[in-house]
Amino acid sequence: MNPRDPEYVFDALGDPTRRRVVMQLGSLGSATPTQLAQHLPITRQAISKHLDMLAAAGLVSMHKQGRQTFYRLTPERFTDAVGWIAQVGAEWDTRLAALRRQLRKKR
Amino acid sequence: MLNGVSDVEKEDLLPASPEEIWESLADPDRLSEWFGADVDGRVEPGEVLTFTGADGTERRAVVEFAEPGRRLVFRYLPNELTPDGRSRRRESSRVAILIEPFDGQTIIRITETRVGSAGTPRPQIGFHARART
């Protein structure tokens, strides 16, 4: 599976610890692994690994500032996931309306 | 933001008996009428259903459960066939349709959940859509 496939977002977010990293990063805006570790009950090394996976899925971007690496969320990737839900939800709305019409016709 | 589920849920109260609704699910002709695709195949566990959209794109799904008057569960396979015969990767998902009688009518509950390549539901990630129409 290509890490850039939209569905990869769901795999990357499958881990509850990674979801906490995402939420914390969302509230901080931009942070280094060390800064994140101050807010989470996991080591900086573990956070770095989770950030690597999130970056591979395109969910976070990074930039260097001196010797430090800062991470921030990439909103467009989250939009992909929301898009699937919106599309499938709309399809079912249409189908349910059509099913209702069919049942009414049969009566 | 990220503590819900990765599926779509719909619920509706329909003016029909569970048996009538089951006919709309289990008869491919009737299913095709409301599903928005031509459906071919038998609605029985282990059987493959083929959904052909208006543009000719074909998706297949394996029936996992078919309990008349109660529930239909099928799982889309992770590829679709384009009108020009090319196979294209597409998100796999599992559709569960539950029906139960309620006050002379029937409640229908539909859940479509993304699944991984092995057919297991994807982990919950935090987007939840629910509607009663």
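Note that the structure is a prediction, hence the values are computed from the model and not measured. (Residues numbered from 1 in each chain as written. Chains lettered and ligands numbered in written order. Predicted model: local features only at pLDDT ≥ 70, side-chain atom pairs only at ≥ 80, totals over all residues. Heavy atoms only, no water.)

Structural notes on the environment of Asn-79 of chain B
Residues and elements named next belong to chain B.
- Mapping Asn-79 onto the fold places it in strand E5 (residues 71-81).
- Judged by relative accessible area, which is 36%, Asn-79 ranks as partly exposed.
- Distance in space between the C-alpha atoms of Asn-79 and Ser-92 is 7.7 Å, their sequence separation being 13 residues.
- Apart from residues no more than four positions distant in its own chain, Asn-79 is found in contact with Ser-87, Arg-88, Arg-89 and Arg-90. (Helix = DSSP H or I, 4+ residues; strand = E, 2+ residues; numbered from the N terminus. Buried < 20%, exposed > 50% of the residue type's maximum accessible area, 1.4 Å probe, protein only. Contact = heavy atoms within 4.5 Å.)

Describing the nonpolar core
- If you look at the biggest cluster of nonpolar residues, it comprises 33 residues, and the most contacted ones within it are Phe-35, Phe-51, Leu-72, Phe-74, Ile-97 and Ile-108 of chain B.
- With 8 residues, the single largest contributor to this core is helix H5 (residues 75-106) of chain A.
- Among residues more than four places away in sequence, those in contact with Ile-108 of chain B are Leu-96 and Leu-99 of chain A together with Lys-10, Glu-11, Asp-12, Leu-14, Ile-21, Ile-97, Leu-98 and Ile-99 of chain B.
- Within the second largest apolar cluster, 21 residues are counted, among which are Phe-10, Val-21, Leu-36 and Leu-59 of chain A. (Core = buried A, V, L, I, M, F, W, Y, C linked by side-chain atoms within 4.5 Å.)

Topic: the pattern of salt bridges
- Inspection of every chain in the model, using the stated rule, returns 16 salt bridges over all chains.
- One salt bridge connects Asp-93 of chain A with Lys-10 of chain B, and the closest N-O pair in it is separated by 3.0 Å. Note that Asp-93 of chain A is positioned in helix H5 and Lys-10 of chain B in strand E1 (residues 6-14), a pairing that runs across two chains.
- Using a relative accessible area of 9% as the deciding quantity, one classes Lys-10 of chain B as buried.
- Between Glu-67 of chain B and Arg-71 of chain B there is a salt bridge, with the nearest N and O atoms lying 2.7 Å from each other.
- Residue Arg-71 of chain B is classed as partly exposed on the basis of its relative accessible area, which comes to 25%.
- Taken together, the shared-partner salt bridges in this structure form one network comprising Glu-11, Glu-100 and Arg-109 of chain B. (Salt bridge = Lys/Arg side-chain N within 4 Å of Asp/Glu carboxyl O.)

Considerations on the interface of chain A and chain B
- Each partner contributes residues to the interface: chain A has 30 residues there, and chain B has 36 residues.
- Of the roughly 3,400 Å² buried where chain A meets chain B, counting both sides, 63% is carbon and sulfur surface.
- Along the contact surface separating chain A from chain B lie 2 salt bridges.
- Linking chain A with chain B are 8 residue pairs in polar contact (both at pLDDT 80 or more).
- Listing elements by their share of the side of chain A that touches chain B, those giving two or more residues are helix H1 (8-12), helix H2 (16-28) and H5 of chain A.
- Split by residue class, the side of chain A that touches chain B holds 16 nonpolar, 4 polar and 10 charged. (Buried area = accessible area lost by both parts, 1.4 Å probe. Polar contact = N/O pair within 3.5 Å; in protein donor to acceptor, adjacent residues only side chain to side chain. Nonpolar A, V, L, I, M, F, W, Y, C, P; charged D, E, K, R; others polar.)

With respect to the confidence of the model for chain A
- On average, residues of chain A score 86 in pLDDT, and 93% of them are at 70 or above.
- Ranking the elements of chain A by mean pLDDT puts H1 of chain A last with 76 and helix H3 (residues 33-37) of chain A first with 95. (pLDDT = per-residue confidence, 0-100.)

Examining a positive patch on the surface
- There is a patch of like positive charges on the surface, built from Arg-101, Arg-104, Lys-105 and Lys-106 of chain A.
- Along the chain, Lys-105 of chain A turns up in helix H5. (Patch = residues over 30% accessible without salt bridge, like charges linked within 9 Å, V, L, I, M, F, W, Y side chains within 5 Å. Areas by Shrake-Rupley, 256 points an atom, 1.4 Å probe, with all protein chains shown as cover. Lys, Arg positive; Asp, Glu negative; His and termini not counted. Charge placed at Lys NZ, Arg CZ, Asp CG, Glu CD.)

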